[in-house]
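What follows is each chain in one-letter form.
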Amino acid sequence: MSSRRMRITTIAKKELIEFVRDWRTIVAILVIPLLMFPVLFILFPLLLASEAAELQAMEVDVVVQTDGMPDELSLAFNTSDLNITYEPLGTIANLSTPGSDAERLRNTSVDAVLRMRTNGTVVEYALLYMSTSEQSLEARSRTFDVLAGWEENETVRRITDAGLDADETLDPLRWNGSIADSDVATKGEQAGMVLSLFIPLVLAVWTFSSAIQPSIDMTAGERERGTLEALLALPCTRMELLMGKWVAVATITGAGVLLQIAGLLFAIGYLASTEFISVPELDIATLALLCLAVLLFAIMVVAFELALAMRSHSVKEAGSILGPAVLLILFPALFTQVINLDGIEAYWFAIPVVNVLLALRELLMNRIVLGHVVVWLVSSTIYAFGAAWYAARQFKREDIVTSLS
Amino acid sequence: MHEPLLVVDGVSKSFGDIVALHDIDLTIHQGEVIGLVGSNGAGKTTLLRLLAGVYVPTNGRVRLANGEEVHTARNVIGVVPENTGLYSRLTAWENIRYHARIHGIEDDVAWKRTLYFSKFLGMDDALQRHTKGFSRGMRQKTALLRALAHAPRVLLLDEPTAGLDVTSARTVRDLVSQLGQEGGTVIYSTHQLSEAHRVCNRIIIIHNGEVRADGTPEELLELTGAEHLEDAYVSLTMDVAREDEVNEKPLGRWSKAWRSMFTPSTPKEVNEDE
């Protein structure tokens, strides 16, 4: 091993040893990403189900203001799980104007007010409610269910009375056969499509956020603890120091991202059928380009974070800079999810962050568009080298030797 | 006189507009134990960092006797910074081995040297312990062992006895004396003139970024006509000492303005009648 490589390896190894000896950091960067999606995808639906059951058990009070309604509808209300109170409607020009009923909705003495009147063969209605009250929303939802049931029966009755077949009249266009059979995309391609919506986002956001803590610890942290001065007096160049620390941060971040993707796949597999996430069909060239895209992105992100952290005089200062900087990744990452890949212009593949995320989406769908590949490859390389150059400049600053301790 | 080892040739060091060191000329010979004595902010740490190759001079050169710039030949130098710079999640030996490996020293060679000096410092039982719970004295001794593991030709110590108890301070001083007797070269910064007198065979008095005197204790007494070194020191550093740290660029205009917005002004004098 060359002495240069040996020094870089020594620095990286020491950083990793220090990292694994801190169990809190291990939990934050490795265990949480592994468990985050399974917990979110499995516990969250359970929580929603429990909330739905709670809503179902609620008693809701609905005031029905009417001067007469069809008998079937009246029967439907009386047999529903609503606590109904009838009141006369009075003279109201516009049924949806709350008027004096607003007050009792706001003070929750009633949960919803249904106003109905007959106008020829049509029943006009309005339902007053308060959108910020769960109880009121539940009352509204149950009232709509009753109204919809009556409306469906009434529609069928009127069509039948007119001498028509209700089924043919209401459903004149029908699918024949299985919908799944009609998709010519293979299972692998479908899996690629689904994963392309998750993996680039997870990869981008988690690469950035999981690199924050180790980047700060290895730069501003060293500076604050006063360990950097002794290190700078050693016979290694600042570039070797940067590279050693970069390797360590990239290793930690890479492990965190891989674990998070594993957790995500497990959660999707748990919730959906295994066919839903069958392995994407990727050839060797696509896989190689995927790895290259991720590597260039990691070089850029980690170097950028190390640079910003090294500029800072303290851990606190570094944290206050790098924390909000997550938005630099988050916004483009979310934006990239809604970009249509069909017929996309090549310049999108030159925009920082967006370029790698779009490249990942295309590659996961096993699409290699040569023009796009050239643009993202060249632009990502330029950005990666730019970030590395910026980091090198920060590591070469003379004032980094100054410790706050 | 032994052969020259390090040459400081017309060196000045500035941080922005602040001149930390001005036109320093020194020649350091093998076997010398040099005490770098000065008040806070005198420029001792800046000079040590220049000698360690951590700082590059604004003017002049710091070079080895063979002409090589010191910042490209850091493997001949061992450094113990004032705050020791140990990693608390590593053991004492891991701290030492980390630096030795970067110096390109095999683990077994570094271990033998560490064991030899650790017996002298009474640290042999603590080598496999994590440094987190170490006392100031143990941290200082570990940093010394770390700086010695690659057999440096020059050892730079920045206030090595500051904050140590009497016994630990004596152990450190004894080690420095022994290194000197064995022909090693040590540059030792301190506030304490008496300590420098006890340990060093050459004293450099540095004040406000300038070398005010350089010689053996006897030569300093002769130069100033004083009876005691302390009187000699006072007569050489009569002008008001700057006390601010000058090893960092001063704040920029905007940073200064921003900070001043949140700095309370000095309270006005209160009228006693009120």
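What you see is a predicted model, and the numbers here were worked out from it, not measured in a lab.

Student: Describe the overall build of chain A, naming the residues involved and giving the relevant values.
Tutor: Along chain A, the regular secondary structure elements total 15 helices and four strands. Expected size for 405 residues packed as a compact globule is a radius of gyration near 22 Å; at 31 Å, chain A overshoots this value by more than 25%. Judged by the C-alpha coordinates and their principal axes, chain A covers about 95 × 55 × 35 Å. Here chain A, with 405 residues, has 36% of them falling under the buried criterion. For chain A, long-range pairs separated by at least 24 residues make up 79% of all intrachain contacts whose partners lie at least 6 apart in sequence.

Student: Quick one: what's the story with the sheet that holds strand E8 (residues 202-207) of chain B, residue by residue and with numbers?
Tutor: Residue and element names in this part refer to chain B. Read across the open sheet, the six strands follow the order E5-E6-E7-E3-E8-E9; overall the sheet is mixed. The outermost strands of the open sheet, each flanked by one partner alone, are strand E5 (77-80) and strand E9 (210-215). Neighbour-to-neighbour, the strand axes of the sheet open up by a mean angle of 15 degrees, direction not taken into account. Sheet topology places strand E6 (residues 154-158) next to strand E7 (residues 185-190); five bridges connect them, and they run parallel. Paired with Leu157 across the two strands is Tyr188, which belongs to E7. Contacts between helix H7 (residues 217-224) and the sheet are confined to E8 and E9, with E9 contributing the most and set at about 115 degrees to the helix. Together, strand E3 (33-37), E8 and E9 form the strand contacts of helix H8 (residues 229-236), whose direction differs from that of E8 by roughly 35 degrees.

Student: Explain the pairing of strand E3 (residues 112-119) of chain A to me, and be specific about the residues and the numbers.
Tutor: Residue and element names in this part refer to chain A. One ladder, built from five bridges, connects strand E1 (residues 60-66) with E3; its direction is parallel. Opposite Gln65, over in E3, you have Arg115 as the bridge partner. Relative to strand E4 (residues 122-128), E3 runs antiparallel, the two being bridged by seven bridges. Of the residues in E4, the one forming a bridge with Asn119 is Val122.

Student: Outline unusual backbone geometry, listing residues and values.
Tutor: Of all residues except glycine, most have a negative phi; of all peptide bonds, most are trans. Residue and element names in this part refer to chain B. Even without glycine at this site, Glu159 takes up a positive phi of about 45 degrees. Note that Glu159 resides in the loop between E6 and helix H5 (166-181). Using a count of 22 C-beta atoms within 10 Å as the deciding quantity, one classes Glu159 as buried. Phi at Asn208 is positive, roughly 50 degrees, even though this residue is not glycine. Inspection of the secondary structure puts Asn208 in the loop between E8 and E9.

Student: Can you explain the packing of helix H11 (residues 284-311) of chain A against helix H15 (residues 370-395) of chain A? Please cite residues and give values.
Tutor: Residue and element names in this part refer to chain A. Running from N to C, H11 and H15 cross one another at 25 degrees; their axes reach a closest spacing of 8 Å. By the criterion of interaxial angle, the relationship of H11 to H15 is roughly parallel. At the point where H11 passes H15, the crossing takes the left-handed sense. Between H11 and H15, the residues in contact are Leu289, Ala293, Leu296, Phe297, Ile299, Met300, Ala303, Phe304, Leu306, Ala307, Met310 and Arg311 and Val373, Trp376, Ser380, Thr381, Tyr383, Ala384, Ala387, Ala388, Tyr390, Ala391, Gln394 and Phe395, respectively. Partitioning the contact of H11 with H15 into residue classes produces 20 nonpolar, three polar and one charged.

Student: Describe in detail the pairing of E1(A), supporting the description with residues and values.
Tutor: Residues and elements named next belong to chain A. Counting buried residues along E1, five of its seven residues qualify, which places the element largely inside the surrounding structure. Bridge analysis of E1 against strand E2 (residues 82-87) gives six bridges, and the strand direction is parallel. From the neighbouring strand, Asp61 faces E2, where its bridge partner is Asn83. The β-α-β motif built from E1, the intervening helix H3 (residues 71-78) and the parallel element E2 has right-handed crossover chirality.

Student: Please provide a residue-by-residue account of the confidence of the model for chain B, values included.
Tutor: Residue and element names in this part refer to chain B. Averaged over all residues, the pLDDT of chain B is 88; the fraction at 70 or higher stands at 92%. Per-element confidence in chain B is highest for helix H2 (residues 92-102), whose mean pLDDT is 96, and lowest for helix H9 (residues 253-261), whose mean pLDDT is 79. Complex prediction metrics read pTM 0.78 and ipTM 0.86.

Student: Account for the interface of chain B and chain A, naming residues and giving values.
Tutor: Contact with chain B, which involves 25 residues of that partner, is made by 22 residues of chain A. Put simply, the parts of the chain that give the side of chain B that touches chain A at least two residues each are E5 and H2 of chain B. A per-element tally of the side of chain B that touches chain A places H2(B) first, with four residues.

Student: Any chance you could break down the environment of Ile159(A) for me, citing the residues and the numbers?
Tutor: Looking at the element boundaries, Ile159(A) is found in helix H5 (residues 134-161). Note on Ile159(A): 16 C-beta atoms within 10 Å, which makes it partly exposed.

Student: Explain the packing of helix H13 (residues 327-337) of chain A against helix H14 (residues 354-364) of chain A residue by residue, including any values.
Tutor: Residues and elements named next belong to chain A. The contact between H13 and H14 brings their axes to 9 Å, and the two run at 35 degrees. Seen along the crossing, H13 lies across H14 with a hand that is right-handed. Between H13 and H14, the residues in contact are Pro332, Ala333 and Thr336 and Val354, Leu357 and Leu358, respectively. Along the lines of polarity and charge, the residues of the contact of H13 with H14 split into five nonpolar, one polar and no charged.

Student: Describe the sheet that holds strand E2 (residues 18-29) of chain B, with residues and values.
Tutor: All names here are of chain B. Ordered by their spatial adjacency, three strands build an open sheet running E2-E1-E4, and the pairing between neighbours is antiparallel. Across the chains shown, the open sheet's two edge strands, defined by having one partner strand only, are E2 and strand E4 (59-64). In this sheet, adjacent strand axes meet at a mean angle of 15 degrees when their direction is disregarded. Sheet analysis places strand E1 (residues 4-15) next to E2, joined by eight bridges and oriented antiparallel. Of the residues in E2, the one forming a bridge with Val11 is Ile24.

Calculation rules
- Residues numbered from 1 in each chain as written.
- Chains lettered and ligands numbered in written order.
- Predicted model: local features only at pLDDT ≥ 70, side-chain atom pairs only at ≥ 80, totals over all residues.
- Helix = DSSP H or I, 4+ residues; strand = E, 2+ residues; numbered from the N terminus.
- Rg over C-alpha atoms; globule rule 2.2 N^0.38 Å.
- Buried ≥ 20, exposed ≤ 12 C-beta atoms within 10 Å, placed from the backbone.
- Contact = placed C-beta atoms within 7 Å.
- Pairing = 2+ DSSP bridges.
- Axes fitted to C-alpha atoms, helices over the stretch in contact; angles between N-to-C directions.
- Parallel < 35°, antiparallel > 145°, perpendicular 65-115°, else oblique.
- Left-handed = near helix turned anticlockwise from the far one by under 90°.
- Nonpolar A, V, L, I, M, F, W, Y, C, P; charged D, E, K, R; others polar.
- Right-handed = clockwise from strand over helix to strand, strands pointing away.
- pLDDT = per-residue confidence, 0-100.

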